Amino acid sequence: MADITKADVVAFIEKMTVLELAELVKELEEKFGVSAAAPVAVAVAGGPAASAEPAEEKTEFDIILKNAGANKINVIKVVRALTSLGLKEAKDLVDGAPSPVKTGVSKAEAEEAKKQLVEAGAEVEIK
């Protein structure tokens, strides 16, 4: 293991497609019995000082395809248009729902993508 560095692993992952990376994450979760989901923050009961802090406004959003619906072909077409994935990669992404279509996008872009996917018949969530 000393032959492979963290930098080598990062360089390898950089060359992967989103779909390949999602499959890798699933395999690692199964192999090690862990989940890559973000931990849920537990709210601590605080006094007025805690509520006086302004809430940070979220600027980056993830578009999650929850279900392709009955019109899968149209959903695949929209996914290809949004992500510039190939036909096979887009089909695999749609078949693997729930899966992220795009991550770290602006609110306007996320809303537009959600609108297009819902019009194509998909069930979408923005996180």
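The structure we're discussing is the one just above.
Residues numbered from 1 in each chain as written. Predicted model: local features only at pLDDT ≥ 70, side-chain atom pairs only at ≥ 80, totals over all residues. Heavy atoms only, no water.

Caption draft 1: Region of the structure containing the overall build of the chain. When helices and strands are counted, the chain shows six helices and three strands. Listed N to C, the secondary structure of the chain is α-α-α-β-α-α-β-α-β in terms of helices and strands. Considering the chain as a whole, with its 127 residues, one finds that 20% of them fall into the buried category. Within the chain, contacts between residues separated by at least 24 positions form 68% of all contacts whose residues are at least 6 apart in sequence. Carbon and sulfur atoms form 58% of the exposed surface of the chain, whose accessible area is close to 9500 Å². (Helix = DSSP H or I, 4+ residues; strand = E, 2+ residues; numbered from the N terminus. Buried < 20%, exposed > 50% of the residue type's maximum accessible area, 1.4 Å probe, protein only. Contact = heavy atoms within 4.5 Å. Areas by Shrake-Rupley, 256 points an atom, 1.4 Å probe, with all protein chains shown as cover.)

Caption draft 2: Representation of the nonpolar core within the structure. If you look at the biggest cluster of nonpolar residues, it comprises 22 residues, and the most contacted ones within it are Ile63, Leu65, Val75, Val79, Leu93, Val94 and Leu117. For this core, the element with the highest residue contribution is helix H4 (residues 72–83), accounting for five residues. Ignoring any residue separated from it by four or fewer positions in sequence, one finds Leu65 in contact with Val75, Leu93, Val94, Ala97, Pro98, Ser99, Val101, Ala122, Glu123 and Val124. (Core = buried A, V, L, I, M, F, W, Y, C linked by side-chain atoms within 4.5 Å.)

Caption draft 3: Looking closely at a negative patch on the surface. Residues Glu20, Glu23, Glu27 and Glu30 make up a contiguous surface patch of negative charge. Given the relative accessible area of 52%, Glu27 is considered exposed. (Patch = residues over 30% accessible without salt bridge, like charges linked within 9 Å, V, L, I, M, F, W, Y side chains within 5 Å. Salt bridge = Lys/Arg side-chain N within 4 Å of Asp/Glu carboxyl O. Lys, Arg positive; Asp, Glu negative; His and termini not counted. Charge placed at Lys NZ, Arg CZ, Asp CG, Glu CD.)

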